[in-house]
Amino acid sequence: MIWLGIAVVALMALLGAPLFAVVLAAAMLGFLATGVDLSVVAIAIYDMTDKPLLVALPFFAFAGYLMAAAKTSERLMALTRALFGWMPAGLAIVGFVACALFTALTGASGVTIVALGALLLPMLKESGYSERYSLGLVTTSGSLGLLIVPSVPLILYGIIAQQMDVGERFAITELFIAGLAPALLMVVLLSMWTILRHGHVPRTPFDRRALWVAVKAARWELPLPFVVLGGIYSGYFAISEAAAMTVAYVLIAEVLLYREIKLGELPGVIRESMVMVGSILLILGVALAFTNYLVDAEVPQRLFAFMQEHVSSPLTFLILLNILLLALGAILDVFSAIIIMVPLLLPVAVGYGIHPIHLGIVFLANLQVGYFTPPIGMNLFIASYRFDKPVLELYAACLPFMGVLLLAVLLITYIPWLSLWFL
Amino acid sequence: MSVFLRWLRAFETGLLVALLLVMIGVAVYQVLARNLFATGLTWGNELVQMAVLWVTMVGAAVAADHDDHIRIDLIARFAKPRLRAAAARLTALFTAVVCGALGWYAIAFIRWDFIDNVPGFGVVPAWICESIIPLTAAVMAARYLARAIIPPKEAAAP
C-alpha cells in the first residue's frame with residue numbers, strides 16, 4: 001500500500017505536479033506509515049513562525065523586485081561600464097560584474113537575463129563580440145552572483161543548515177564572507193578566458209566624466225551595500241533587521257527619490273514578489289515536515305552508513321556530490337534543490353568532515369552551473385524566450401562558458417580554503 | 001462566480017500589501033527604537049514572524065490561481081500537447097487532494113489549540129494565527145480542483 005503511494009507521488013513529481021504538493025504528500029505518506037497523526041504536517045508549517053531568520057526572505061525578495069521594476073539595471077550597467085569598460089575585453093567584464101551584482105540583489109530568478117541581458121546583448125554585438133559569445137554570456141551570467149550577499153539562495157542555505165544543527169556551528173555572516181572569494185574566482189576566470197579569446201576587440205578609453213555621470217545617476221542606490229553590509233558587520237542589526245532596513249531604503253529610493261515606481265504600481269510588485277516568496281516558503285514549510293519524518297526514520301544516518309560502505313574518501317564523495325548537484329540544478333530550481341537536498345546531504349557531508357560553510361558554497365556553485373546545463377536548465381529557456389533564439393543554439397553558445405565555470409566549481413570544491421580562509 | 005473570484009483576487013492582493021507594509025513598518029520601528037531609544041514593542045518580532053507565515057500562505061494561494069508553483073517541468077517541455085494537457089489535469093487533481101488533506105488535518109490541530117486557548121502573540125490566541133493554514137489550503141484545493149475539471153486555455157505553453 002505504501003509502495004503504491006510512493007509510486008503515485010513519484011509519478012506526479014515527474015508529470016509536473018507542484019513540488020510543495022509532492023513533498024507534502026511524501027511527508028504525509030511517511031507519517032501515515034509510522035502511525036503518526038497527520039496534524040504534525042500542519043504543525044510543522046506553523047513552526048515557520050519560530051524562525052526569526054525567515055523574515056529576511058520576503059524583505060530581500062521584495063527589495064529585489066522593486067529594483068527590477070525600477071531602472072536599477074540601466075544605472076548598474078552605466079556604472080560598471082564607466083569603471084571597467086576601458087580594460088581589455090572590458091564590456092564582457094562589465095557584463096560579468098553587472099550580472100553578478102544584479103543577481104545577488106534580485107535573487108537569481110531570470111530577472112537578470114530579462115533586464116540586463118536585453119541591455120547587454122546589443123552592446124556586446126556592436127562592440128565586436130561574436131553573436132555566439134554574446135548569447136552565451138547573457139545566458140550563463142544570469143545565475144552568476146548566487147554566492148554574493150544578499151542573494152536569497154545563500155540566505156536560504158544558511159537558514160536550513162543552521163536549524164539542522166549538525167557539524168560545526170557558524171554564523172550567516174560567515175557564510176556571506178565565504179561566498180566572496182569563490183564568486184570572484186568565477187568572474188576572474190571568465191574574464192581571463194574572454195581576454196584570451198576576445199582581446200582583439202577595440203577598447204574604449206577610461207572617461208572620468210562618464211564615471212561621474214554614472215555615479216551621480218546611481219547616487220541613491222550606491223549607499224545600499226553599506227546599509228546592508230555595514231549594518232550587519234557593525235553589529236547594529238541582525239540579518240532580518242538588515243533586510244528590513246534594505247527594503248525600507250529601496251522603497252524610499254525607487255518610489256520617492258527616483259520616482260520610477262508609482263504608488264499605484266506597488267500592489268502589483270508586492271503581489272508578484274510575494275507569490276514567489278509564498279511558493280518558496282510553502283515548500284520550505286512542508287519540507288520541514290518531511291525532514292522531521294526523515295530524522296524520525298533515521299534516513300540521513302542510514303544514507304551516511306550506506307555511503308560509508310561504498311565511498312571511503314571525502315574526495316570521492318565530493319566528486320559524486322558535484323555530479324548529483326549538477327544534475328539536480330538542471331532539473332530543479334535552486335530554491336527547491338536547497339530546501340529538499342540540504343537536510344539529506346548536510347549530515348552525510350559533515351560525516352565526511354566537510355565544513356557546513358564549504359558545503360553551502362559547493363552546493364550553490366554547482367546549482368549555479370546547473371541553471372544553464374542542457375537539456376532543461378532554466379536560464380536556457382528564459383534566454384531562448386527573451387532573445388527569440390532556438391534552445392539548441394543556446395546550448396552551443398553556453399558550452400564554453402560552462403567549461404570555464406566547471407573549472408571554477410572544481411577549484412571551489414577541492415580547495416576548501418577558498419571558502420574557509422577567514423575561519 | 002466571476003464577481004466572487006474578482007473580489008477574492010482583490011482581497012488577496014490587498015491582504016498581501018497590508019501584511020508586507022505592516023511587516024516592514026514594525027521591523028524598521030523595532031530596529032530604530034532599539035538602537036536609538038533602547039526600547040521596542042514586546043510583541044513586535046512575533047508579529048513580523050507571524051506575518052511571514054501569512055504572507056507565505058496567501059502568496060501560495062495566489063500562486064495557485066495561475067498555477068505559478070515551482071515544479072519539475074520535464075513533461076511540460078518535451079511532451080506532446082495532448083499528453084501535456086492530460087498530465088496537467090491529473091497533477092492538478094493530485095494537488096487538490098493533497099491541499100484538501102492539509103486543510104483537514106490543520107483544522108484538527110487548530111481545534112485543540114482553540115479548546116486549550118493556547119496563546120499566540122500579544123493578546124491574539126494561537127488559533128487565529130493558525131487559521132490561515134486551512135483557509136488558504138482550501139482556496140488552493142478549490143483552485144486546483146477547478147483546473148482539473150475545467151482546464152484553462154492558457155495552460156498549454158510554458
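Coordinates for the structure precede this section.
Residues numbered from 1 in each chain as written. Chains lettered and ligands numbered in written order. Predicted model: local features only at pLDDT ≥ 70, side-chain atom pairs only at ≥ 80, totals over all residues. Heavy atoms only, no water.

**Quick look at the overall build of chain B**
In terms of helices and strands, chain B carries six helices and two strands. Counting from the amino terminus, helix and strand elements in chain B follow one another as α-α-α-α-β-β-α-α. The C-alpha atoms of chain B give 19 Å as radius of gyration, which overshoots the globular expectation for 158 residues (15 Å, by more than 25%). Taken along its principal axes, the extent of the C-alpha atoms in chain B is 65 × 35 × 35 Å. In chain B, which comprises 158 residues, the share counted as buried stands at 46%. Contacts in chain B between residues at least 24 apart in sequence constitute 73% of all its contacts with a sequence separation of at least 6. For chain B, the exposed area adds up to about 8400 Å²; of that, 71% sits on carbon and sulfur atoms. Side chains of chain B give 13 positive and 10 negative charges; the mean places of these two sets differ by 14 Å. (Helix = DSSP H or I, 4+ residues; strand = E, 2+ residues; numbered from the N terminus. Rg over C-alpha atoms; globule rule 2.2 N^0.38 Å. Buried < 20%, exposed > 50% of the residue type's maximum accessible area, 1.4 Å probe, protein only. Contact = heavy atoms within 4.5 Å. Areas by Shrake-Rupley, 256 points an atom, 1.4 Å probe, with all protein chains shown as cover. Lys, Arg positive; Asp, Glu negative; His and termini not counted. Charge placed at Lys NZ, Arg CZ, Asp CG, Glu CD.)

**Remarks on the environment of Thr34 of chain A**
On the secondary structure map, Thr34 of chain A appears in the loop between helix H2 (19-33) and helix H3 (39-46). In the structure, Thr34 of chain A is positioned 223 residues away from Leu257 of chain A in sequence and 58 Å away in space, judged by C-alpha atoms.

**Brief notes about helix H18 (residues 356-370) of chain A**
For H18 of chain A, with 15 residues, the first-to-last C-alpha span of 21 Å sits near the 21 Å given by 1.5 Å per residue. Of all 15 residues that make up H18 of chain A, 15 are buried, and the element is covered over most of its length. (Expected span 1.5 Å × (residues − 1).)

**Digging into the state of the cysteines**
The tally for this structure, following the rule as stated, stands at zero disulfides over all chains. No disulfide involves Cys99 of chain A; its nearest neighbouring cysteine sulfur is the one of Cys398 of chain A, lying 12 Å away. (Disulfide = S-S within 2.5 Å.)

**Some remarks on unusual backbone geometry**
Residue and element names in this part refer to chain A. Cis geometry is adopted by the peptide bond preceding Pro150, which originates at Val149 and carries an omega value of -5°. Among the structural elements, Pro150 can be located in the loop between helix H8 (131-140) and helix H9 (152-164). Positive phi, close to 55°, is recorded for Ala89, a residue that is not glycine. Topologically, Ala89 is positioned in the loop between helix H5 (72-84) and helix H6 (90-106). On the basis of relative accessibility, which here comes to 1%, the residue Ala89 falls in the buried class. The phi dihedral of Arg259 is positive, around 55°, even though this residue is not glycine. Among the structural elements, Arg259 can be located in the loop between helix H13 (239-257) and helix H14 (266-296).

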